[in-house]
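# Tertiary structure, described
In case you want the letters, here they are:
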Amino acid sequence: MAAAGVAPVRERFVTSKEQFHAYLRANGELGGQEGDREEEKEASSEQSEPPAKRGRLDVQGQDGESPGEPEDGEKESRDGEKEPEDGEKEPVERKRARGQNKSRPCMKPNHYEKSRLCPSVTQGCADKCYFGPRCRFLHDVGEYMAAKPADLGPSCVLFETFGKCPYGITCRFAKAHLGDGYQNVVNTELAKQWEGKSLVRNNLSKDLQHQLRKKKFTFKKADEYLCSLAKPHHDDRKGGKAPGCSAEGEEVSNCTTPEDGLGDPSQCPVLPEGGDSKPAPVQSPQPTESRRGCPTKTAGPVTDEDIVKLRSCEKKKLEIQGKLYLAPLTTCGNLPFRRICKRFGADVTCGEMAVCTNLLQGQSSEWALLKRHHTEDIFGVQLEGAFPDTMTKCAELLNQTIDVDFVDINVGCPIDLVYKKGGGCALMTRSNKFEQIVRGMNSVSPTTGLPAGEQQVELNCFSSLTLPSLQVLDVPLTVKIRTGVQEKMNVAHKIIPKIREWGASMVTLHGRSREQRYTRVADWDYIAECAKIASPMPLFGNGDILSYEDADQAMQTGVSGIMIARGALIKPWLFTEIKEQRHWDISSSERFDILKDFTNYGLEHWGSDTQGVEKTRKFLLEWLSFLCRYIPVGLLERLPQKINERPPYYIGRDYLETLMASQNVDDWIKISELLLGPVPTNFTFLPKHKANSYR
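Owing to the predicted nature of the structure, the values given are computational and were not obtained by experimental measurement. All residue numbers here refer to positions counted from 1 along the written sequence of the relevant chain. The predicted nature of this model means local features are confined to residues of pLDDT at least 70 and side-chain atom pairs, given and counted, to a pLDDT of 80 or more, with totals for whole chains, interfaces and linings taken over all residues. With hydrogens and water excluded, all non-hydrogen atoms of the structure serve as input to the side-chain values.

### Comments concerning the environment of Asn542
Stated precisely, the cut-off is as follows: Numbering of helices and strands starts at the N terminus; helices are DSSP runs of H or I of at least 4 residues and strands are runs of E of at least 2. To sort residues, take the accessible area from a 1.4 Å probe on protein chains only and compare it with the maximum for the residue type: under 20% means buried, over 50% means exposed, and anything in between is partly exposed.
Within the secondary structure, Asn542 sits in strand S11 (residues 539-542). Of the residues examined, Asn542 reaches a relative accessible area of 2% and is grouped as buried. Along the sequence, Asn542 and Leu509 sit 33 residues apart, while their C-alpha atoms lie 6.0 Å from each other.

### Here we look at the packing of helix H8 (residues 220-230) against helix H15 (residues 431-444)
Going by this rule: An axis is simply a line fitted to the C-alpha atoms; with a helix, the fit covers only the stretch in contact. Between two such axes, the angle follows the N-to-C directions and lies from 0 to 180 degrees. Note on convention: the crossing is left-handed when the near helix lies turned anticlockwise from the far helix by less than a right angle, right-handed when the turn is clockwise. Contacts between residues were defined by any pair of non-hydrogen atoms, one from each residue, lying within 4.5 Å. Here the term charged refers only to Asp, Glu, Lys and Arg, the term nonpolar to Ala, Val, Leu, Ile, Met, Phe, Trp, Tyr, Cys and Pro, and the term polar to all other amino acids, Gly among them.
At a minimum axis distance of 9 Å, the contact between H8 and H15 shows a crossing angle of 145 degrees. Crossing hand, H8 versus H15: right-handed. Residues Lys221, Ala222, Tyr225 and Leu229 of H8 form the contact with H15, whose own contacting residues are Glu435, Gln436, Arg439, Gly440, Ser443 and Val444. Residues of the contact of H8 with H15, tallied by class, amount to four nonpolar, three polar and three charged.

### Description of the confidence of the model for the protein chain
Where we set the bar: pLDDT is a residue-level measure of predictor confidence that goes from 0 to 100.
Confidence along the protein chain averages 78 in pLDDT terms, with 70% of residues attaining 70 or more. Per-residue pLDDT stays below 50 along residues 302-308; that stretch engages in 13 contacts with residues further than four places along the chain or on separate chains. Contacts for the low-pLDDT stretch residues 691-695, under 50 throughout, to residues beyond four places or in other chains number 32 contacts.

### Description of the sheet that holds strand S6 (residues 406-411)
The line we're drawing: Any two strands are treated as partners once DSSP identifies two or more bridges connecting them.
With parallel pairing, the eight strands of this open sheet are ordered in space as S2-S12-S11-S10-S9-S6-S5-S3. Among the strands making up the open sheet, the edge pair consists of strand S2 (324-326) and strand S3 (349-355). Across this sheet, the average inter-strand angle for adjacent strands is 25 degrees, counted without regard to direction. Direction of pairing for strand S10 (residues 506-510) relative to S11: parallel, over a ladder of four bridges. Within S11, the residue paired with His510 across the bridge is Asn542. Where helix H17 (residues 524-534) meets the sheet, it contacts S10, S11 and strand S12 (561-564), and its direction lies at approximately 170 degrees from that of S11.

### Looking at the pattern of salt bridges
Test applied: Every case where a carboxyl oxygen of Asp or Glu lies within 4 Å of a side-chain nitrogen of Lys or Arg is listed as a salt bridge.
Taken as a whole and assessed by the stated rule, the structure comprises 22 salt bridges. With a shortest N-O distance of 2.3 Å, Asp597 and Arg343 are connected by a salt bridge. Within this pair, whereas Asp597 is found in helix H21 (residues 588-606), its partner Arg343 is found in helix H10 (residues 335-343), the two being separated by 254 residues in sequence. Under the relative-accessibility criterion, Asp597 is labelled partly exposed at 23%. The closest approach of N and O atoms between Glu580 and Arg582, which form a salt bridge, is 2.5 Å. Residue Glu580 is classed as partly exposed on the basis of its relative accessible area of 45%.

### What to know about the packing of helix H22 (residues 610-627) against helix H24 (residues 665-676)
When two helices pack together, you describe them by how their axes are tilted relative to each other and by the distance separating the axes. Applicable threshold: Roughly parallel covers angles under 35 degrees, roughly antiparallel covers those over 145, roughly perpendicular covers 65 to 115, and oblique covers all other angles.
Where H22 contacts H24, the axes come no closer than 10 Å and their chain directions differ by 135 degrees. Between H22 and H24, the angle falls in the class oblique. Along this stretch, H22 crosses H24, giving a crossing that reads as right-handed. Contacts between H22 and H24 involve Val613, Thr616, Arg617, Leu620, Leu621, Leu624 and Ser625 from the first element and Trp668, Ile669, Ile671, Ser672, Glu673, Leu675 and Leu676 from the second.

### Things to note about the nonpolar core
The test is simple: Among the buried residues, those of types Ala, Val, Leu, Ile, Met, Phe, Trp, Tyr and Cys that are joined through side-chain atoms within 4.5 Å form a nonpolar core.
Ile481, Leu539, Ile562 and Leu595 are the most contacted members of the largest nonpolar core, which has 134 residues in total. Ranked by the residues each element gives to this core, the list is headed by H22, at eight residues. Setting aside residues up to four positions removed in sequence, Ile562 forms contacts with Lys323, Leu324, Tyr325, Trp524, Phe540, Gly541, Ile545, Ala551, Ala554, Met555 and Ile578.

Okay, here's the thing in structure tokens:
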């Protein structure tokens, strides 16, 4: 019988650590490996491998922190150590591995940079190189080809799919599309089929990036809302500095604007942050009435703002009840992975957590998290921030520049880096800032509920007027939260009614607190209670779903739908299992085909040159740190596998199945080499989260 916290694998498949590694070392040959086993025993003492996981399914242990999925910006650290017996001292080298590998080596292949070909040559316009003689890249194709590493395969996925490889001779599969004189061959017939089609949306244009970096982008609606926050109201709460002029680090007034966005400056003083009873003037270089973007109070005739602004009942509704929602997952929830999940039946997808300040600065790496593949029919982005000014401006920016179906606010991230700055879970304890963020983002998202073109608007049944063409940008706002910050102190049931009042279209609840992380099973009874409180606002539940039985039980709690995170990382075909109500005993060759598809999607997304290949390899290896936790259905004593049960060492039904079960980084690298060719010289890899593997 399996130990507590260990998955129940059939006895005939279970093996020891030494036999497991000896089997892999012998490439799947059993027997006659005694010498290898002795070597493995000696080597095992040098490896910092995590022992079997403690049973923590129902009882909370002494330690309040454990790992999980990198969801909503959460940094995972798996709890894989046993508690020492009474009187025993735990060796220093066996200290529990948790948290992020912050000092892991850089994996960028810098040695290729020395002989990198200038992009102008690749694009066929070498004479138009912007840097001219100062260019540090090569312009001599013969010299580049002499130093270029060998090709990784005979076929290029970009050439076979689109009829043309934009990476030309720099492609690591260039033999498939190079002609005489290193000319890039084009399949004209196939290329014409894709001409003019946009496969990936939400790219950052150079013009927009320049505007953001030079701070020339106008945030009219956000400035209006932030200026209204600076106006005094009938409220005894603390005041603050004028948020319209604040940076992220500056505090914003805790007074909340009414829904019409208008206040009376003569009615309520703004108190200083220290809570002093003496009124303090709003800090502004000029009178509030004359500040750019501040609303003007009107009486009588209806203004354009009254026409354009939507009432809550008129706003676009997010109709995703009953659909399967793939959670936003840091690092692993990239576009190629989302394409895999869409293929297996995910209905709703969301980009990785993006930090609002980085987006406002025009950082290309952060904007890459917002990219949307054309197959993602219901797609949202998730934003993280701690202050109303940056979050409101970011919402307006995205509303004007990208194509999304909803924007999600991250109020579930538990890591210290985010929490100590007031973001993530910390917003659950900063209700004033939380309210200002939700109301502010909600106020700048919709521009009009009417169709584009000439629009006839009826005004209170008394008159009508014709508006010019306005772009419809009515993006619903959703919020993702946890049960609370501290264990056994749930506060979500108090916050959810407020979130509904502030104008959010949906809330997603992860059934654990910040302190719990992943040490206990998700509290679905509490999620059910919150689902009743949230009505009529939809509430999605999240936590511990790894089988269709788990999904069915979750839906019986009364939630509007379920969000899947770790379960999708461990087995992305989970969406198919839920929809078809069956356990899929997927073979190792089928799983390997999924990895092939991921690498093809990665080469298509990140590129087929050296940089793109190594980036694809990096994200493949990160994903393998979760895939190794899957136990094939045919090997289990009982179904289904539980997400908090750690797999024991077992010999699979074939060599590939066993290789995929390894938690050793070297074995993951071996799998990557089967797909992407040999790794570069001196290649090293450590997973983002310490306890995901060992060397």
